[in-house]
Amino acid sequence: MSTAESLEPRHITVRRPVVDRVFRTVISSGALLSLVVLALIAGFLLYRGLEIFRDFGFGFITGEKWDIGNPEDTSTAVLGIGAMLVGSVLTAFIAVVIALPFAMAAALFIEYYSPRRLRTVLTSVLDFAAAIPSVIYGIWGYAVLLPLVESWSKGIERNLDFIPFIDVPSEIFGRSPFLAGLLLSLMILPIITSVAREVYGQAPRDLVDASYALGSTKWGAIRNVVLPFGRSGLVGGTMLGLGRALGETVAVYLTLNLVFDVNFRILASAGGNVASLIATKFGEATPYELKGLMAAGLVLFAVTLAVNLLATVVVNRSRRVA
Amino acid sequence: MDGDELTLSVHGSIGRGSFAREVSLDVVAGVPVGLVGPNGSGKSTLLHTVAGLERMRSGSVVLDGTVVDDGSTFLEPGERRCVVMFQDLRLFPDMSVERNVEFGPRCHGAPRAEARDRAVAALDAVGAAHLASRMPGTLSGGEKQRVALARALVTNPRVILLDEPFAAVDSDSRPALRELLAAALSAPGLHAVVVSHDPEDLRGLASVTVSFA
Amino acid sequence: MTAVVAVPVAPTRPWQRRRAALARNGALVAGAAVMSWLVNARTDLSGFLGHWLAFSLAMPVLALLSSVRSGRNVATDSFSAALVTVASLAAAVPLFSIARTVWQNGSKAFYSSYLTTDMRITSSSDPLNMGGVLHAVSGTLVMVALATIISVPLGVMSALYIVEMKGRFAGVVRFLTQAMSGVPSIVAGLFVYATVVIFFTGFSAWAGALAYVILMLPTVSRTSEEVLRLVPDELRAASYALGASQARTTFRVVLPTIASGLLTAAILGIARVAGETAPLILTASYFVATSTNLNEPMASLPIYIFSNLGLGDSNAITRAWGGSLVLLVLVLVLFVSARVLSARLRRKRL
């Protein structure tokens, strides 16, 4: 507020009361703190992991081996998270491929098919599923899903072993990317469903009605109005799920066999992801290896942050359109 | 503008978008002014501008010789001693009646005991002393109106702005309320503006009626 | 003159689900059930999963066959309706399995003293009637409480900044807080390790609570923002018109109106972190005794489960299931109370 020229009648220029200036300062600093934290996370991981990036350069991202060599001599160490990154992407990809159709079905069912009473029950169940701790998904995946998946895998491999992704020469199934991906798909299903439900629910009612009025069936209205309308929101929700799957630690740790080789055979008992690498190696890491884990954490942070920022933009845009 | 020490004058353009209007209004203390106009004619915008909830687009609001809003100067609502009795009353739902009435004096720095005394007196003056401990949600329309009036008057305002004061009141309680309001608005030194879409509402309340279109 | 003949017509009720449609759906379900029973009797498929799989395949097929006479559009319609129904119900199946398994296995660990003793003098392979989960429960509660005390004010502040102050960086704050909600929990743990654990406290309850704060903040601030937007501007204007400052309006009028909403925000934040394992491995670590020393390592339910699972002994694994049951019940309680509170806020109809 600027000072006014002195005119008739007399002016007084007021600033906000002191309490309000204090109030606004406190609130602003509190709000900006969360931004500071975000910057600090990136800064500190970069600071701690810098030496690793200097020593290995791009090879840290692409290298398959994670070998500390002689603990006394850091120059003998070979650290690379290539295999783990591939594992992260592979399991997350499997998770999304499995979860997406079910999430779409659940969202459509809840919004357009379900009787009212079942709708509230299903919504609550799915929301609760999002709140179930990942360690419980992990223990359940290990105890219940693992034997099932193992026997399914045998059957699938026996019949489809001409497909390179499916073939498992070692005949060892168990804790495979498929199992981890399947478990992750259950964990991200509620996330994708709730975003999909929101965008499908916002589909313009008048267009849906218009399509009925023209003699369309319910499925016709959904296919021609609801699905196209919700496409970008669905993409955003899927990416949110992808971000969650990429960063999951414990559930993957418990259901995936950590092996430092790039493995595309989704039924074979070998794989890993960046997050479970950190959890696995953290306990007895040498100081140099610890820096490697920090660098791995930074890569994971950068990837998930990018995915999430993109997802946020997409979801927000689809909301604005609605 | 003749520098009259006891005039509220609003000259210039107010409101935004479809509510934008040119206004020119002078209110002399002790002479309540009625504003009549159809819905959407900008009456509420004018009240908000005088109270400091909205800014003038251009022009000025001058109260008792002091510029309170002219584009470069803006006095916060709290400093204007200018209260509004909203059409929908807006009693705070989570405070008791007494707390609602205390709220104004507390805002102006009165200690709790003094604020309570003033609230009790104000409630008494509008015949609502017995409602002090009730919650707003349990009151009838007429009772709420009395509480809202007490909440407005307790701050000893220089300006009181009433927006459709009879909107939420059934016809049986109107005469009593009208009498109460008429007495309140004629307080010395008080500028009063009463807004209604129905000229009949202003009978007995406003000495001057301005048509707003 | 023509005589007007009134023909009595029963009023139609198009808004009621027609009985024929209901009967048709019932017949579909029954048919699919019979088919799945037949398939299971004749093939390798068996058990709940086998029946479910056969039923899920039979439903859409039957729906298609039963409507194929009515033309292509109607057939597609009923086929997709059956498919959507079956697929969305299938999404709920694993959840019931999780609940059932956790209940069945977890209850085996529940001896009378399970909730009142810790593992101070008990080894995980000892009989199940010795030792318990008290240290883990108390550790989780202590760290969650600490994190709540820090993150709720901060989260509410950033919500106030966005909604009440409409600050210059409101958009940025909002955007980045949303992005922050996607930070993997292990990265939050790694960050606290790289700063607090290494330089200050070592493995400690403090460090665990700080990792929680990073994960809670986005949830709390997003939920608070949503409830703050429920407060009508009319209420704020009424307060300003009575001469209230923005600070007074916020603390005396706005926040009390949405008190239950803020409680919901806190609970959702707690539910977000209460089951987190990964960040605690790097911060609070594990401790076998009940402890309130914030500068020492502290047990928590997820780490109790995780470390017992790692031991591989059958009693230890049963203990892990017991811990899972306690954790699941804790999360359920949080979830239900958040639901109840937000329903109450909605009933208020601001």
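Just so it is clear, the model here is predicted, and its values are computed rather than measured.

### Thoughts on the overall build of chain A
So, point 1. A tally of helices and strands in chain A yields 11 helices and 2 strands.
So, point 2. Relative to the compact-globule value of 20 Å for 322 residues, chain A shows a C-alpha radius of gyration of 26 Å, a clear excess of over 25%.
So, point 3. Here the C-alpha coordinates of chain A stretch approximately 95 × 70 × 30 Å along the principal axes.
So, point 4. Look at the contacts in chain A between residues 6 or more apart in sequence, and 76% of them connect residues 24 or more apart.

### Overview of the overall build of chain C
So, point 1. Counting its secondary structure elements, chain C contains 13 helices and 0 strands.
So, point 2. Moving toward the C terminus, one meets the helices and strands of chain C in the order α-α-α-α-α-α-α-α-α-α-α-α-α.
So, point 3. Against the 2.2 N^0.38 benchmark of 20 Å for 350 residues, chain C shows a C-alpha radius of gyration of 28 Å, more extended than a compact globule.
So, point 4. Its C-alpha atoms give chain C principal-axis dimensions of about 100 × 70 × 35 Å.
So, point 5. Taking all 350 residues of chain C together, 52% fall into the buried category.

### Some details on helix H1 (residues 43–51) of chain B
So, point 1. Across the 9 residues that make up H1 of chain B, a large majority, 8, are buried.
So, point 2. At the C-terminal side of H1 of chain B, Gly52 of chain B shows a positive phi close to 90°.

### Examining the sheet that holds strand E1 (residues 7–14) of chain B
All names here are of chain B.
So, point 1. Spatial ordering of the open sheet is given by E2-E1-E4-E5, a layout of 4 strands whose pairing is antiparallel. Of all the strands in the sheet, just strand E2 (21–28) and strand E5 (66–69) have a single pairing partner and so form its edges. The average undirected angle you get between the axes of adjacent strands in this sheet is 20°.
So, point 2. Packed on one face of the sheet, H1 meets E1, E2 and strand E4 (58–63) and runs near 120° to E1.

### Notes on the pairing of strand E7 (residues 159–163) of chain B
Residues and elements named next belong to chain B.
So, point 1. Along E7, 5 of the 5 residues are buried, which leaves the element largely enclosed by surrounding structure.
So, point 2. Here strand E6 (residues 82–85) pairs with E7 via 4 bridges, running parallel. Its bridge partner lying in E7, Met85 is registered against Leu162.
So, point 3. Here E7 runs beside strand E8 (residues 191–196); their pairing, made up of 5 bridges, is parallel. When the bridges of E8 are listed, Val159 appears paired with His191.

### Considerations on unusual backbone geometry
Residue and element names in this part refer to chain B.
So, point 1. Positive phi is not limited to glycine here, since Arg81 has a value of about 50°.
So, point 2. Mapped onto the elements, Arg81 comes out in the loop between helix H2 (77–80) and E6.
So, point 3. Accessibility expressed as a C-beta count within 10 Å gives 18 for Arg81, which makes it partly exposed.
So, point 4. You will see that Glu164, though not glycine, has its phi angle at about 45°, which is positive.
So, point 5. Mapped onto the elements, Glu164 comes out in the loop between E7 and helix H6 (174–185).

### Observations concerning the interface of chain A and chain C
So, point 1. Taken together, the contact between chain A and chain C spans 63 residues of the former and 65 residues of the latter.
So, point 2. Looking at the side of chain A that touches chain C, the elements that each hand over two or more residues are helix H1 (18–56), helix H3 (82–113), helix H4 (116–131), helix H5 (134–160), helix H6 (177–201), helix H8 (218–247), helix H10 (274–282) and helix H11 (287–321) of chain A.
So, point 3. Among the elements that make up the side of chain A that touches chain C, the one with the highest residue count is H1 of chain A (17 residues).
So, point 4. Tallied by class, the residues present in the side of chain A that touches chain C amount to 46 nonpolar, 13 polar and 4 charged.

### A look at the nonpolar core
So, point 1. By size, the foremost hydrophobic cluster in this structure holds 276 residues, and its most contacted members are Ile136 and Leu183 of chain A, Ala150 of chain B together with Leu190 and Tyr212 of chain C.
So, point 2. Sequence-distant contacts of Ala150 of chain B, that is, excluding residues within four places in its chain, are made with Val101, Ala122, Leu123, Ala125, Val126 and Ala128 of chain B.

### What to know about the confidence of the model for chain A
Residue and element names in this part refer to chain A.
So, point 1. Across chain A, the average pLDDT comes to 85, with 94% of residues at 70 or higher.
So, point 2. Of all the helices and strands in chain A, helix H7 (residues 205–213) carries the lowest mean pLDDT, 79, while H3 carries the highest, 93.
So, point 3. This stretch, residues 1–8, has a pLDDT under 50; its non-local contacts, to residues over four places away or in other chains, come to 11 contacts.

### Some details on the environment of Thr219 of chain C
Residue and element names in this part refer to chain C.
So, point 1. Looking at where Thr219 falls in the secondary structure, it is placed in helix H7 (residues 205–228).
So, point 2. A sequence separation of 38 residues divides Thr219 from Ser181, and the C-alpha atoms of the two residues are 6.9 Å apart.
So, point 3. Not counting chain neighbours up to four residues away, the residues in contact with Thr219 comprise Ser181, Leu268, Gly269 and Arg272.

### Focus: the confidence of the model for chain C
All names here are of chain C.
So, point 1. Taken over all residues, the pLDDT of chain C has a mean of 86, while the share at 70 or more is 94%.
So, point 2. Between the elements of chain C, mean pLDDT differs from a low of 82, seen in helix H1 (residues 19–42), to a high of 93, seen in helix H4 (residues 134–165).
So, point 3. With pTM at 0.83, the complex prediction returns an ipTM value of 0.87.

### Some thoughts on the packing of H7 of chain C against helix H10 (residues 259–274) of chain C
All names here are of chain C.
So, point 1. Look at H7 against H10: their axes get within 8 Å of each other, and the N-to-C directions meet at 150°. It follows that H7 is roughly antiparallel to H10 by the angle criterion. Relative to H10, the crossing made by H7 is right-handed. Across the interface between the two elements, Tyr212, Leu215, Met216, Thr219, Val220, Thr223, Ser224 and Val227 from H7 touch Gly261, Leu262, Thr264, Ala265, Ala266, Leu268, Gly269, Arg272 and Val273 from H10.
So, point 2. Here the residues of the contact of H7 with H10 are counted per class, giving 10 nonpolar, 6 polar and 1 charged.

### Quick look at the sheet that holds strand E3 (residues 33–36) of chain B
Whenever strands of a sheet pair, they do so through backbone hydrogen bonds, lying parallel or antiparallel.
Residue and element names in this part refer to chain B.
So, point 1. Taken in spatial order, the 5 strands line up as E6-E7-E8-E3-E9 in an open sheet, and their pairing is parallel. Edge positions in the sheet fall to E6 and strand E9 (208–211), since each has one partner strand and no second. Averaged over all pairs of adjacent strands, the angle between strand axes in this sheet comes to 20°, irrespective of strand direction.
So, point 2. Both E3 and E9 contribute to a ladder of 4 bridges, which runs parallel. Of the residues in E9, the one forming a bridge with Val36 is Ser211.

### Quick look at the packing of H3 of chain A against helix H3 (residues 72–106) of chain C
Relative orientation and spacing of two packed helices are given, respectively, by the angle between their axes and the distance between those axes.
So, point 1. With their axes 8 Å apart at the nearest point, H3 of chain A and H3 of chain C run at an angle of 110° to one another. Taken together, the axes of H3 of chain A and H3 of chain C are roughly perpendicular relative to one another. Seen along the crossing, H3 of chain A lies across H3 of chain C with a hand that is left-handed. Contacts between H3 of chain A and H3 of chain C involve Pro101, Phe102, Ala105, Ala106, Leu108, Phe109 and Tyr113 of chain A from the former and Ala81, Val84, Thr85, Ala87, Ser88, Ala90 and Ala91 of chain C from the latter.
So, point 2. Classifying every residue of the contact of H3 of chain A with H3 of chain C gives 12 nonpolar, 2 polar and no charged.

### Considerations on the pairing of E2 of chain B
Residues and elements named next belong to chain B.
So, point 1. Across 8 bridges, the pairing between E1 and E2 is antiparallel. Bridging from a neighbouring strand, Val10 pairs with Leu25 of E2.
So, point 2. Here E1 folds back onto E2, and the loop between the two strands holds 6 residues, one of which, Gly15, carries a positive phi near 80°.

### As for H3 of chain A
All names here are of chain A.
So, point 1. Counted at 1.5 Å a residue, the expected span for H3 with its 32 residues is 46 Å, and the 45 Å between its end C-alpha atoms agrees.
So, point 2. At Ala99, H3 is bent by approximately 30°, the largest bend along its length, and proline Pro101 sits one to four residues beyond.
So, point 3. Counting buried positions along H3 gives 23 out of 32 residues, so the element sits mostly inside the fold.

Scoring rules and cut-offs
- Residues numbered from 1 in each chain as written.
- Chains lettered and ligands numbered in written order.
- Predicted model: local features only at pLDDT ≥ 70, side-chain atom pairs only at ≥ 80, totals over all residues.
- Helix = DSSP H or I, 4+ residues; strand = E, 2+ residues; numbered from the N terminus.
- Rg over C-alpha atoms; globule rule 2.2 N^0.38 Å.
- Contact = placed C-beta atoms within 7 Å.
- Buried ≥ 20, exposed ≤ 12 C-beta atoms within 10 Å, placed from the backbone.
- Pairing = 2+ DSSP bridges.
- Axes fitted to C-alpha atoms, helices over the stretch in contact; angles between N-to-C directions.
- Nonpolar A, V, L, I, M, F, W, Y, C, P; charged D, E, K, R; others polar.
- Core = buried A, V, L, I, M, F, W, Y, C linked by C-beta atoms within 7 Å.
- pLDDT = per-residue confidence, 0-100.
- Parallel < 35°, antiparallel > 145°, perpendicular 65-115°, else oblique.
- Left-handed = near helix turned anticlockwise from the far one by under 90°.
- Expected span 1.5 Å × (residues − 1).
- Bend = angle between axes of the 7 residues up to and from the residue.

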